[in-house]
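Listed below, chain by chain, are the residues.
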Amino acid sequence: MELFKTVNVDWMGKAKYFVTLSLLLLAIGWFSILRHGLYYGIDFRGGTLVYVRFAGPPPIDQIRKGLQQAGLPNSSIQGISDINAGSQNDVVIGLEQKGTSGDESLDAGKQAILDVLHKTFGTDSSGKQDFNSITPSALAEYLTQKDPLALGPTAADRYNQLAQKLTAARDSDHGGILTSFDALKPVPGVTQPLLTSLATGFSLGNFTIRNVEIVGPKVGAQLRKQAIFATLYALAGMLVYIAFRFEWVYGAAAVIAVFHDVLITLGFFSLFHYEISLTVIAALLTLVGYSMNDTIVIFDRVRENLRLMRREPLPVIVNKSINQTLSRTILTSGLTFLTVLVLYLLGGEVLRAFSFAMVVGVVVGTYSSFGIAAPIVVVWNKFRGQGVTVRAGSAAH
Amino acid sequence: MNPQLKWKFIFILIVILLCIYGLVGLPQFPTSLAQLNQNLADRIKLGLDLKGGSHLVLQVQVDEAIGQRCDQAVDQLTKQLHEKNIVFGEMRRQSDTQILVRNVDTNTSGQFRDIVANQFPDWTLAPAAGETNGYVLTMKPSVVAELRKNTMDQSLETITRRINALGLTEPTIAFTGRGDNEILVQLPGEGDPTRAKAVIQAGGQLELRRVVGDTTYPSEAAALAANGGVLPPGSEIVPGRADNVPGQPQGQVYYILDRAPIVSGQDLRGANPEPSSQNPGQYQVAFHLSTTAAARFGPFTESNVGHRMAIVLDHKVYTAPVINSRIEDSGVIEGSFTQESAQDLALVLRAGALPASIKYLEERTVGPSLGADSIREGVRASIASLVVVMIFLVFYYRLSGVNAVVALALNLVILVAFMAYAGAVLTLPGIAGVILTIGMGVDSNVLVFERIREELRNGKAPASAVDLGFDRAFLTIIDTHVTTVVSAVFLFLFGTGPVRGFAVTLVIGLIANIFTSIYVSRAIFDFHLSRMERQAELSI
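Rules used throughout
Residue numbering note: each chain is counted from 1, following its sequence as written. Each chain takes a letter, starting from A, and each ligand takes a number, starting from 1, following the order in which they are written. Under the rules for a predicted model, residues below a pLDDT of 70 receive no local features and side-chain atom pairs below 80 are neither given nor counted, while totals for whole chains, interfaces and linings still include all residues. To qualify as a helix, a DSSP run of H or I must reach at least 4 residues; to qualify as a strand, a run of E must reach at least 2; elements of each kind are numbered from the N terminus. Put plainly, a residue is buried at 20 or more neighbouring C-beta atoms within 10 Å of its own, exposed at 12 or fewer, and partly exposed in between, counting only other residues' C-beta atoms, which are placed from the backbone. Contact between two residues is assigned whenever their backbone-derived C-beta positions fall within 7 Å. Residue ranges for the domains originate in an automatic or database domain assignment. Any two strands with at least two DSSP-identified bridges between them are counted as paired. Only the stretch in contact is used when a helix axis is fitted, and all axes are lines through C-alpha atoms; the angle between N-to-C directions ranges over 0 to 180 degrees. Scored from 0 to 100, pLDDT records how confident the predictor is in each individual residue. In what follows, roughly perpendicular refers to angles from 65 to 115 degrees, roughly parallel to angles under 35, roughly antiparallel to angles over 145, and oblique to any angle outside these ranges. For a crossing to be left-handed, the near helix must be turned anticlockwise from the far one by less than a right angle; the clockwise case is right-handed. Note on residue classes: Ala, Val, Leu, Ile, Met, Phe, Trp, Tyr, Cys and Pro are nonpolar, Asp, Glu, Lys and Arg are charged, and everything else, Gly too, is polar. Note on definitions: a nonpolar core is a set of buried residues drawn from Ala, Val, Leu, Ile, Met, Phe, Trp, Tyr and Cys, linked by C-beta atoms within 7 Å. Arc definition: it is the arc formed by the directions from the helix axis to the C-beta atoms.

### A short note on the overall build of chain A
Thought 1: Of regular secondary structure, chain A possesses 13 helices and 8 strands.
Thought 2: The buried share among the 397 residues of chain A stands at 47%.
Thought 3: Long-range pairs, those at least 24 residues apart, make up 77% of the contacts in chain A with a sequence separation of at least 6.

See below:
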């Protein structure tokens, strides 16, 4: 099966439309950025985030009231809806970094949030430990002490394994929160006396802490600086390599194109209110690599065609090169787009912002290779006169 | 099959076997399915974001240690000058590394210089600006640098000992190499780091000191006033613990103590929690001294019977009992300890004191259920997309597509095996690296195949079309891969945690990809061509 046999499109003739489109996209995105700013995640902003999963629909109003009473009015509460998990019971509670009071201990915000949660949804008053927050080792200790399976005093090992299995069942099969001890019945080795013993020793709290992130203000600024510098160095490294393999204008064009991709993607992040985290930086780097790959494939073909068709003007050669590689471009981009789309739909909440960056980036990255990078080379050579193209061809030998 | 091709396949087979062995054969060759699973789980190391656990970044307040060294020098120099009867106006610490001495008597300034030159080799002496007969002692930069390094090394060692004593599994304790004086602590599987954090941060500086005047004061001002505004030489005011211990003075009190301890933390031989002898239900920490310390402690207590001795922990007086008789080598720290806090204090004392205090900069805890979700969703999404891509490749390129699928699968196996051999950790951003690797792997194959099709369209015979296709695409593949590897290397050198994880998987994946999409794929094509009739059509 073949989709594209011979195509003959005058890409360079349409360059002005591409540039207009890019400028438009940049303008929209950066209007949003200047208006609303980028939404920095906790990595770059500093602050406290506590992810909580509730056994039932999260009582957001109640949490808000509790937080206000505790003197944390600046906190944010956000529900997470995850189509996959089939549950809508997750909540993120966030606290901004408190000014410059460096003396306050880093986790003061976390403690305050936990206090509010415990006060508002207090686990029952019997003083039993919450099974939903117990660690395997603590559970093993309890089981060994109570010995509900009557295994004798040497059974610590067995109980250890059992505790691992029970907590694993809680975390993997029930999303970290149990509403009834009977849900543990399918776990191998579980008997009725064991369940009874658990029920007498533990309570089942109606929420569990899924994730805590606390980043100090200094670290946030540092991480931001470092991510930017690492990216700039990486771009510089690519520029030097491409300049060495082709000609410096090719390197510059490729780097400008990927820079363009990153700027547009950032604009989309602002438009759609996604947060920039360290993971998103990894996604941006991925799309830089991806877009660069695409650009080099076209440039490689241009280099080859320059040798074969010395008499043709550069725009014709570039057009031909883009047309020749078009089937590969569309296939690869299509497949990659499919991959990241699946990731976006199935990858879960943690990968959502990451795969969003990829979905946007693949489209923009593919487009910028023929829409931005190639025209830059053509325009530059027109500006410098035709002599340069011949040198570009010979430089590749 | 021609011999050259045969050797190619043997080489590929060896690579595959090595990879599979690296994944499932270590540390012990599996004899059962359970062991095989266990090996596989052990070899693929998951990052905290996938496995769950706590990630702490802390900063050692190194300047504190330098300031302390400066204070010690002030004490020593004061003592020396008093002994030699050298008169001076004032001596104080000017900054963490500078001491100012004012109004040194001109008759003895030569002697003063000799003492500094001979007995304080770590310091340089210079006249103080804007002072007559004033001097500034500055700690030498080399000494400061060494002190910084020692403080960091010692902090890392102490924290490592403490965490190991807590018995947590597979902790990572290392310098971050990021900001100044930062240490990274990773505790896999630890859902609540509160206790570990307290143990790491505890100072652990135990000292036994003589109480000057055997009495307590309600405030610092009162302590000063009682001594006519000037403290006895070599002493200082130290606060007591604010929480009250039965049998001790009530409320916030202050003591005047000798600066020099009789016994300090280095002299400890051991420390253990035990039930409190006086307050049932509470705990105390008993400690034992080394023999050399006991040799000092015995005579001291004997000659000070009836006087008070302070037990000072992290610059707070815990208790100041009256010495009833000669004590040889043991003592007790009383306080309102629970069993756990007594255990933790004993552990901290055994592991040794931190040379400077510690501040937390970052704390992340991924609960086990979130980690499990991330793995499940990440793996499910990756497999789903991989399957979609593979089906398409076979559909679009027919038999050659099968070839691409084999290359892609092998690429992933090599990537994972290499990570297992290198002990690299798979993190969420690492999965991003894997996705880019898959993308570029598909791209390499598509590049080659499209090129072969092009050559076939130009009327080349299958064998030479394959030849040309690989040759022409080779340059492109090398260029795209090297560019990306170059950028990944920069990311690894200058990036932090997650960005590095991305770079590592990417570099390994791309190297594997060059091997699979050029070498392996070519070998399969050649094998196919060697068995094909000359004029038959290539399935592409």
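### Notes on the domain arrangement of chain A
How big an interface is tends to be expressed through the accessible area that disappears when the partners come together.
Thought 1: As assigned here, chain A comprises domain 1 (12–41 + 216–394), domain 2 (47–121 + 207–215) and domain 3 (133–205).
Thought 2: Using C-alpha coordinates to define each centre, domain 1 of chain A is positioned 38 Å away from domain 2 of chain A.

### Overview of the sheet that holds strand β6 (residues 135–139) of chain B
Residue and element names in this part refer to chain B.
Thought 1: Strand order in the open sheet made by the 4 strands is β3-β4-β6-β5, with antiparallel pairing throughout. Two strands in the sheet have a free side with no partner beyond their single neighbour: β3 (90–95) and β5 (123–127). Mean inter-strand twist for the sheet, computed between neighbouring axes without regard to direction, equals 25°.
Thought 2: Looking at chain direction, β5 and β6 are connected through 5 bridges and run antiparallel. Opposite Thr-124, over in β6, you have Thr-138 as the bridge partner.
Thought 3: Where helix α4 (residues 62–83) meets the sheet, its contacts fall on β3, β4 (98–102), β5 and β6, and the angle it forms with β3 comes to roughly 165°.

### Things to note about the sheet that holds strand β13 (residues 268–275) of chain B
Residue and element names in this part refer to chain B.
Thought 1: If you trace the 3 strands from one edge of the open sheet to the other, you get β13-β14-β17, paired in antiparallel fashion. The sheet is open, and its two edges are formed by β13 and β17 (330–337), each paired on a single side. Adjacent strand axes in the sheet meet at a mean angle of 20°, parallel and antiparallel pairs treated alike.
Thought 2: Across 7 bridges, β13 lies against strand β14 (residues 283–289) in antiparallel orientation. Looking at β14, one finds that Leu-268 is bridged to Leu-289.

### Details of the confidence of the model for chain B
Residues and elements named next belong to chain B.
Thought 1: Scored by pLDDT, chain B has a mean of 84; 97% of the residues are at 70 or more.
Thought 2: Of all helices and strands in chain B, the one with the weakest mean pLDDT is helix α2 (residues 33–43) (78), whereas β6 scores best (91).
Thought 3: As scored by the predictor, the complex reaches a pTM of 0.75 and an ipTM of 0.75.

### A few points about the pairing of strand β9 (residues 206–217) of chain B
All names here are of chain B.
Thought 1: Here β9 lies mainly inside the structure; 9 of its 12 residues are buried.
Thought 2: Both β9 and strand β15 (residues 309–313) contribute to a ladder of 5 bridges, which runs antiparallel. In the sheet register, Arg-209 faces β15, and the bridge partner there is Ala-310.
Thought 3: Bridging between β9 and strand β12 (residues 263–264) involves 2 bridges; their strand directions are antiparallel. Residue pairing across strands places Leu-208 opposite Val-263, the latter belonging to β12.

### Quick word on the environment of Ile-77 of chain A
Thought 1: With respect to the secondary-structure elements, Ile-77 of chain A resides in strand β3 (residues 76–82).
Thought 2: Not counting residues up to four positions away in its chain, the partners in contact with Ile-77 of chain A are Ile-60, Ile-63, Arg-64, Val-91 and Ile-93 of chain A.

### Digging into the packing of helix α8 (residues 217–245) of chain A against helix α13 (residues 462–494) of chain B
Thought 1: The interhelical angle for the contact between α8 of chain A and α13 of chain B, taken along N-to-C directions, is 150°, at an axis separation of 8 Å. As summarised for this structure, α8 of chain A and α13 of chain B are arranged roughly antiparallel, according to the angle between their axes. Along this stretch, α8 of chain A crosses α13 of chain B, giving a crossing that reads as right-handed. On α13 of chain B, the residues that touch Gln-226, Phe-229, Ala-230, Tyr-233, Ala-234, Gly-237, Met-238, Tyr-241, Ile-242 and Arg-245 of chain A of α8 of chain A are Asp-479, Val-482, Thr-483, Val-486, Ser-487, Phe-490, Leu-491 and Phe-494 of chain B.
Thought 2: Residues of the contact of α8 of chain A with α13 of chain B, tallied by class, amount to 12 nonpolar, 4 polar and 2 charged.

### Remarks on the interface of chain A and chain B
Thought 1: Across the contact, 65 residues belong to chain A and 60 residues belong to chain B.
Thought 2: Counting only elements with at least two residues in the side of chain A that touches chain B, the list comes to α6 (156–173), β7 (207–215), α8, α10 (278–308), α11 (314–346) and α12 (348–384) of chain A.
Thought 3: When its residues are assigned to classes, the side of chain A that touches chain B shows 36 nonpolar, 20 polar and 9 charged.
Thought 4: Summarising the sheet, β7 of chain A and strand β18 (residues 358–366) of chain B pair through 5 bridges and their orientation is antiparallel. In the strand pairing of β18 of chain B, Asn-211 of chain A is matched with Val-366 of chain B.

### A word on unusual backbone geometry
Residue and element names in this part refer to chain B.
Thought 1: The phi dihedral of Asn-133 falls on the positive side, at around 60°, and the residue is not glycine.
Thought 2: Inspection of the secondary structure puts Asn-133 in the loop between β5 and β6.
Thought 3: Judged by local crowding, Asn-133 falls into the partly exposed class, with 16 C-beta atoms found within 10 Å.
Thought 4: The backbone of Asp-214 shows a phi angle near 50°, a positive value even though the residue is not glycine.

### Examining the nonpolar core
Thought 1: In this structure, Ala-254 and Ala-357 of chain A are the most contacted members of the largest nonpolar core, which totals 240 residues.
Thought 2: Ranked by residue count, the leading element in this core is helix α11 (residues 368–422) of chain B, at 19 residues.
Thought 3: Not counting residues within four places of it along the chain, the set of residues in contact with Ala-254 of chain A comprises Ile-242, Met-292, Thr-295, Ile-296 and Ala-373 of chain A.

### Section: helix α5 (residues 136–146) of chain A
Because an α-helix completes one turn every 3.6 residues, residues spaced three or four positions apart along the sequence face the same direction.
Residue and element names in this part refer to chain A.
Thought 1: Looking only at α5, the buried set comprises Pro-136, Leu-139, Ala-140 and Leu-143. The buried residues of α5 occupy an angular sector of 100° when projected down its axis, which confines them to one face.
Thought 2: Structurally, α5 contributes buried residues whose contacts are with α6.
Thought 3: Count one or two residues on from α5 and you reach Asp-147, which has phi positive near 50°.

### Points about the packing of α8 of chain A against helix α9 (residues 248–271) of chain A
Residues and elements named next belong to chain A.
Thought 1: Relative to each other, α8 and α9 sit at 145°, their axes nearing to 7 Å. Crossing hand, α8 versus α9: right-handed. Packed against α8, whose contacting residues are Leu-235, Met-238, Leu-239, Ile-242 and Ala-243, the element α9 presents Trp-248, Tyr-250, Gly-251, Ala-252, Ala-254 and Val-255 at the interface.
Thought 2: A class-by-class count of the residues in the contact of α8 with α9 yields 10 nonpolar, 1 polar and no charged.

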